[in-house]
Every structure is written in structure tokens, then in C-alpha cells.
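Listed here are the chains, written in short residue letters.
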Amino acid sequence: MSTLQNIRWHAGHVSRQAREAQNGHRSFVLWFTGLSGAGKSTLAHRVEELLFRDGCRTYVLDGDNVRHGLCRDLGFSAVDRQENIRRIGEMSKLMADAGLIVITAFISPFRRDRDGIRSLLPAGEFIEVHCDAPLEVCEQRDVKGLYHKARQGAIPEFTGISSPYEAPLAPEIVVHTGRDTLDDCAWQVVRYLAARQLITLSNKEPHA
Ligand code: ADP
């Protein structure tokens, strides 16, 4: 017998809507995906800064950080990557339910895994942002020296080199992080959120 049969979901007395009303913005998951070095982490933190400065309640879940704790038992095989993303998806869902704007920065190379998280969340609350930078640019940046190691065969199943990256087919936002500046990309994301009334902007774009 599945243990799930003995467990019930307990609904609290404070609704998500009440939390959103108190916060003054909607809660949702902003999911950055892209190759290593594409700029997910840099952009996630910049977007968070802009939103936080504007009074939003935000939190960034970052690839390397969760691998130190929540997912430290997992490696980089296809199965482990899938489980890594599944846990982060569940975590994001809980955090969004708590009223936060959850911003995640994971390569999350497989379409099926990202779509799985989309289906966990209420419609419109999974916002997929493709950090679209060419492999050559990411490899040239080689922020953590990982491409160099991967080319030498020292890192098996490295996304873009020896493991595939499946670009989103219909992401809500595409940012060209290999071409545009960090601030241009960050404001593109923030403008999207404001246009869909997920947030209300009081601080205006510096050069708008
Ligand atoms: P990832 O999290 O995707 O592995 P990082 O954010 O760690 O990538 O690194 C991306 C690098 O690219 C950083 O050194 C950052 O300063 C640089 N960069 C240049 N342009 C952009 C941009 N438009 N958006 C994000 N990062 C950028």
C-alpha cells in the first residue's frame, strides 16, 4: 500500500490570495534556463535586486547552492538531473504558495523536466525565461572553467558538450544574454512581469 494513501493535504487558514494581497504582488516562479555560462545566475540576482528594491518578496534558488544541501546526494546523470529539477520544482511550488516570487537559475536542460514543473503550478505562474546565448559565447566566457575541463573529458555529461540542451519551444521570455547587456535583459524580464500585472512597478527603468 502506498504511504500516500495515509497522508492528506492540509489546507491552512491563510490563503495564497490573502498572502498576495498583503504583499502587493502575485506570487509565481520565474524559471531561468540555459547553458552553463549563459547568464542565468547573474540575471536571476539582478532581476531579484530590481524587484526587491521595488518592495517585492523574492528569493533566488541557485544551481550550485541547492547542490550543497537539498540535492547534495545527486550527481549529473540524466536520472539525477531529473530528480534535482523535480525537487527544485516542488520546493519552488511551496515557496510560491508562501507568497514569494521564486527566481530559479538552473541549466534544466531537459524539456520534459521543465514542462513537469509548469504542470505543477497554476496556469500562468510558471514563467520560463530562456537565457539564449550561443555555446561559443558561453565557452569563451567559461566563468567556472568547466568548458575547458569538459573538452578535456574531465566532466562527463556536460550540457552543450557531451549532453544535450533542449531549448524551450515556447518560453514566455527569451533574453539574448550573449548579445544584450545584463541590465537590458533584466529590464526586459521586469517589463514583462509588469505588463502582465504580476507586479506593479514604482521604480522606473533608469533610461526609460
Ligand atoms: P550561468 O548561471 O548561466 O552558468 P553565470 O551567470 O554564472 O551563468 O555567468 C554568466 C557570465 O556572463 C557572467 O560573467 C556575466 O557577467 C556575463 N554576462 C554578460 N552579459 C550578460 C547578460 N546579458 N546577462 C547575464 N550575464 C551576462
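Below you will find a few notes about this structure. (Residues numbered from 1 in each chain as written. Predicted model: local features only at pLDDT ≥ 70, side-chain atom pairs only at ≥ 80, totals over all residues. Heavy atoms only, no water.)

### Focus on the environment of serine 77
Now for step 1: Inspection of the secondary structure puts serine 77 in the loop between helix 3 (63–68) and helix 4 (78–97).
Now for step 2: Taking the C-alpha atoms as reference points, serine 77 and serine 163, separated by 86 residues in sequence, lie 9.5 Å from one another. (Helix = DSSP H or I, 4+ residues; strand = E, 2+ residues; numbered from the N terminus.)

### Notes on the packing of aromatic side chains
Now for step 1: The final tally for this structure, using the stated rule, is three aromatic pairs.
Now for step 2: Consider the rings of tryptophan 31 and phenylalanine 126, whose centres lie 5.8 Å apart with planes at 40 degrees: the pair is tilted. A residue pair is termed long-range when its members are at least 10 positions apart, and tryptophan 31 in strand 1 (residues 28–33) and phenylalanine 126 in strand 4 (residues 126–131) qualify at 95 residues. Neither residue differs from the other here; tryptophan 31 and phenylalanine 126 are each classed as buried.
Now for step 3: An aromatic cluster is present here, built from Trp31, Phe106 and Phe126 joined pairwise through their rings.
Now for step 4: Sitting over the ring of phenylalanine 76, arginine 67 keeps its end group 3.8 Å from the ring centre. (Phe/Tyr/Trp six-rings, centres within 6.5 Å; stacked < 30°, edge-to-face > 60°. Buried < 20%, exposed > 50% of the residue type's maximum accessible area, 1.4 Å probe, protein only. Lys NZ or Arg CZ within 6 Å of the ring centre and 35° of its normal.)

### Describing the environment of arginine 57
Now for step 1: Here arginine 57 lies in the loop between helix 2 (40–53) and strand 2 (58–62).
Now for step 2: Separated by 65 residues in sequence, arginine 57 and proline 122 have C-alpha atoms that sit 19 Å apart.
Now for step 3: Residue contacts for arginine 57: discarding those within four places in its chain leaves Asn23, His25, Leu100 and Ile101. (Contact = heavy atoms within 4.5 Å.)

### Details of the site of the ligand
Now for step 1: The immediate surroundings of the ligand are formed by 16 residues, with Gly37, Lys40, Ser41, Thr42 and Asp180 found nearest.
Now for step 2: Between the ligand and the protein, one listed contact pairs an oxygen atom with a backbone N or O atom of alanine 38 at 3.2 Å.
Now for step 3: Here an oxygen atom of the ligand sits 2.9 Å away from a polar atom, N or O, in the main chain of serine 41.
Now for step 4: When the ligand sits alone it has 570 Å² of accessible area, and the protein chains cover 77% of it.
Now for step 5: Of all elements in the fold, only helix 2 and helix 8 (182–195) reach the threshold of two or more residues within the shell around the ligand.
Now for step 6: Grouping the amino acids of the shell around the ligand by side-chain chemistry returns five nonpolar, seven polar and four charged. (Near = heavy atom within 4 Å. Polar contact = N/O pair within 3.5 Å; in protein donor to acceptor, adjacent residues only side chain to side chain. Areas by Shrake-Rupley, 256 points an atom, 1.4 Å probe, with all protein chains shown as cover. Nonpolar A, V, L, I, M, F, W, Y, C, P; charged D, E, K, R; others polar.)

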